Amino acid sequence: MAAKDRDRFSTATRLRLLGEQTAARVYRSQNRRQARRSRLTGRAAFLALIVCSLVVALAYPMRQYVSQRDEIADQERLAQEAEVRTEELRDEKARLQDDAYIKRLAREHLHYLLPGETGYTVVDPDAVKERNGQPEESGRPWHSNLWDGVDSADRGDSADRG
C-alpha cells in the first residue's frame, strides 16, 4: 500500500491525472459547444426566415400607409389653403358692397374722374425710347391688330354656336 500511496502523490502521477481531467473537460465543453452551435444555427436560421417573411409581408402595406399619410397631409394643406382663399374672397365681396371702395377702384384702375377734376397721364420716357414711335413688330398699325382681334373673337363665338 505504501507503493500505491507513493505513486498517488508523485508529481508525474498528479500531472498525468490533471492532464486527463483537463482533457476530459475540454472534450466535454467542445461537445457541448458543438451541440449548442448546431442547435442555435437552426434556430437562428428559422428566426431569420421568420423575420424576412415578416419584412416582405409588411413592406407593401407600410409603403401604402406612408404614401396615404402623405396624400392626407397634402389634402389637408390644400383644404387649409382653400379655406384661407375663401375668407379672402368673402372679405373682397364685403368690400365690393361699399360704394366708396368701388369709386376708389374705378379711379385707380379705370382712370375715372369726378366732375371738375383734371386728369393727367405721365408717359414713361424709357418706354418711349424702346418703341421709338415704330408700329408693332408685325409692321401693321396697332388699330389693325385690334380690329383683327375683335374679328377673330367674333368668328370664334359663331363657330362655337354652330
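**Q** Sorry, what's going on with the overall build of the protein here?
**A** Within the protein, the regular secondary structure consists of 5 helices and 0 strands. Starting at the N terminus and walking to the C terminus, you meet the elements of the protein as α-α-α-α-α. Counting only residues that meet the buried cut, the protein has 2% of its 162 residues in that class. As displayed, the protein has an accessible area near 15,200 Å², and 57% of this comes from carbon and sulfur atoms.

**Q** Would you mind going over the confidence of the model for the protein with me for this structure?
**A** Detailed conclusions should not be drawn from predicted coordinates in areas where pLDDT is low. Chain-level statistics for the protein give a pLDDT mean of 81 and a share of 77% at 70 or above. Highest mean pLDDT in the protein belongs to helix 3 (residues 99–109) (91); lowest belongs to helix 1 (residues 2–9) (59).

**Q** What exactly am I supposed to notice about a nonpolar patch on the surface here?
**A** On the surface, a nonpolar cluster with roughly 810 Å² of combined accessible area is contributed by Phe46, Leu49, Ile50, Leu54, Leu58, Met62, Tyr65 and Val66. Its place among the elements puts Leu49 in helix 2 (residues 11–96).

**Q** Is there a simple way to think about unusual backbone geometry in this case?
**A** Note: most residues except glycine have negative phi, and most peptide bonds are trans. Phi angles above zero are rare outside glycine, and His111 is one such case at about 60°. Its location among the elements puts His111 in the loop between helix 3 and helix 4 (125–131). For His111, a relative accessible area of 63% puts it in the exposed group.

Rules used throughout
- Residues numbered from 1 in each chain as written.
- Predicted model: local features only at pLDDT ≥ 70, side-chain atom pairs only at ≥ 80, totals over all residues.
- Heavy atoms only, no water.
- Helix = DSSP H or I, 4+ residues; strand = E, 2+ residues; numbered from the N terminus.
- Buried < 20%, exposed > 50% of the residue type's maximum accessible area, 1.4 Å probe, protein only.
- Areas by Shrake-Rupley, 256 points an atom, 1.4 Å probe, with all protein chains shown as cover.
- pLDDT = per-residue confidence, 0-100.
- Patch = residues over 30% accessible without salt bridge, like charges linked within 9 Å, V, L, I, M, F, W, Y side chains within 5 Å.
- Salt bridge = Lys/Arg side-chain N within 4 Å of Asp/Glu carboxyl O.

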